[in-house]
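Okay, here's what each chain looks like letter by letter:
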Amino acid sequence: MAEYAEHPAYPVGLRLTGRRVVVIGGGQVAQRRLPALIAAGADITLVSPSATPSVEAMAEAGEITWVRRRYEDGDLADAWYALIAATDPEAGARASAEAERRRVWCVRSDDAEAATAWTPATGRSEGVTVAVLTGHDPRRSAAVRDAIVEGLRDGSLAAPHHRARTPFVALVGGGPGDPDLITVRGRRLLAEADVVIADRLGPRDLLDELPPHVEVIDAAKIPYGRFMAQEAINNALIEHAKAGKSVVRLKGGDPFVFGRGMEEAQALAEAGIACTVVPGISSSISVPGAAGIPVTHRGVAHEFTVVSGHVAPDDPRSLVDWASLAKLTGTLVILMGVDKIGAIAEALVAHGKAPDTPLALIQEGTTASQRRVDATLATVAERVRAEDVRPPAVIVIGPVVGEGPHKHTR
């Protein structure tokens, strides 16, 4: 913990579970500080004649007790810790004096020099709490805190476990392709993995950041032999987990959105192996957004439907009710449908969808290679051929295709 150079502080972590904490003032400072006190399990009393809507919601939810009046002498009785965030300097001074008399550690948002405790910039990453004080420069404290926490989360800051670490298996959604769009938890688990079994559509740039000891397995290159591809992947997960390795199955998008993640979770469960599922940002929403297309928009579309297009509409294996989809007025998002989009468009038109319904194909969405091709149901087959659109691409059908920031900058 860094500290104020003028007045060296003795760093300590307070265990406030079940202990009385008093907060004076219900404004923006209290709104920022209260969630951490609630998370610490403190018994919180707020003394303030008014509060922000967010603070009021905490009181209504029973997370804090709100005494709706100004501070009075005696409010800090039996308190272990006090936060003075009152806008009235005189009330703040009186509350601070009471805290001093009662030997209650007291933070003052209006006068740090008069306080007996300071609130550091804090952050948490999987069991580690980081607290930073850098003198009278809260922005620097926050920047240092953020750098440390981010380093712990993505593995760039070495903080090895010195006690035995329990191996894990995790199905991690890597997001739509941009490595910055994986979740914080997904990135942390990647940094802790011994084995990573990766899909082609996973965020490949993240694999280059892994330490050299990590075994990276391309799921598309697992020798299948007498097994189906998915069975071979399931077996690889089970084999490495039983060997005591920490295993991450890195998948594109979200594991449970056309990702066969449930099949892998079921296979692991049948083998007696617990797994963690880390949701990912689905390409069905993020890729249109990255291309400036909202899947819903007030007054335009109040619903969106996501379907797989990997099976043609006239194929008996298809489970998609294209006739019903053609009647919907909202947005239709199709994944894995580039090579079938001509047949899909014909089916939608045959079931009543207007041929001039706007459509957009976003190829390699959220990556440096992203491009957008616009068409209609009537022209899309030819546009795909002319523009040589290839997978992976997300297809968006509906009036929202004409929306977006570009509409107001023409």
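Above this text is the structure in question.
Turning our eyes to something else, we now look at the sheet that holds strand 9 (residues 195-198). Ordered by their spatial adjacency, 5 strands build an open sheet running 10-9-11-8-12, and the pairing between neighbours is parallel. Only two strands of the sheet have a single partner each, and these edge strands are strand 10 (215-218) and strand 12 (276-278). Shown here is a sheet whose adjacent strand axes are inclined to one another by a mean of 20 degrees, direction ignored. Note: strand 8 (residues 169-173) against strand 11 (residues 247-251), 5 bridges, orientation parallel. Pairing of Gly173 across the sheet is with Lys251, part of strand 11. The sheet strands contacting helix 5 (residues 184-192) are strand 8, strand 9, strand 11 and strand 12, and the helix crosses strand 12 at an angle near 130 degrees. Lying on the sheet, helix 6 (residues 229-242) is in contact with strand 8, strand 9, strand 10 and strand 11; it crosses strand 11 at an angle near 155 degrees.

Scanning the model with the defined rule gives 0 aromatic pairs in all. A cation over an aromatic ring shows up here: Arg19 above the ring of Trp80, its NZ or CZ 4.6 Å from the ring centre.

Taken together, 5 strands build an open sheet; the order of strands is 3-2-1-4-5 and the sheet is parallel. Unpaired on one side and paired on the other, strand 3 (65-67) and strand 5 (105-108) mark the two borders of the sheet. Recorded for the sheet is a direction-independent mean angle of 20 degrees between the axes of neighbouring strands. Where strand 4 (residues 81-84) meets strand 5, 4 bridges bridge the pair, whose relative direction is parallel. When the sheet's bridge partners are listed, Ala82 is paired in strand 5 with Cys106. Contacts between helix 3 (residues 89-102) and the sheet are confined to strand 1 (20-24), strand 4 and strand 5, with strand 5 contributing the most and set at about 160 degrees to the helix.

Rules behind the numbers
Residues numbered from 1 in each chain as written. Predicted model: local features only at pLDDT ≥ 70, side-chain atom pairs only at ≥ 80, totals over all residues. Heavy atoms only, no water. Pairing = 2+ DSSP bridges. Helix = DSSP H or I, 4+ residues; strand = E, 2+ residues; numbered from the N terminus. Axes fitted to C-alpha atoms, helices over the stretch in contact; angles between N-to-C directions. Contact = heavy atoms within 4.5 Å. Phe/Tyr/Trp six-rings, centres within 6.5 Å; stacked < 30°, edge-to-face > 60°. Lys NZ or Arg CZ within 6 Å of the ring centre and 35° of its normal.

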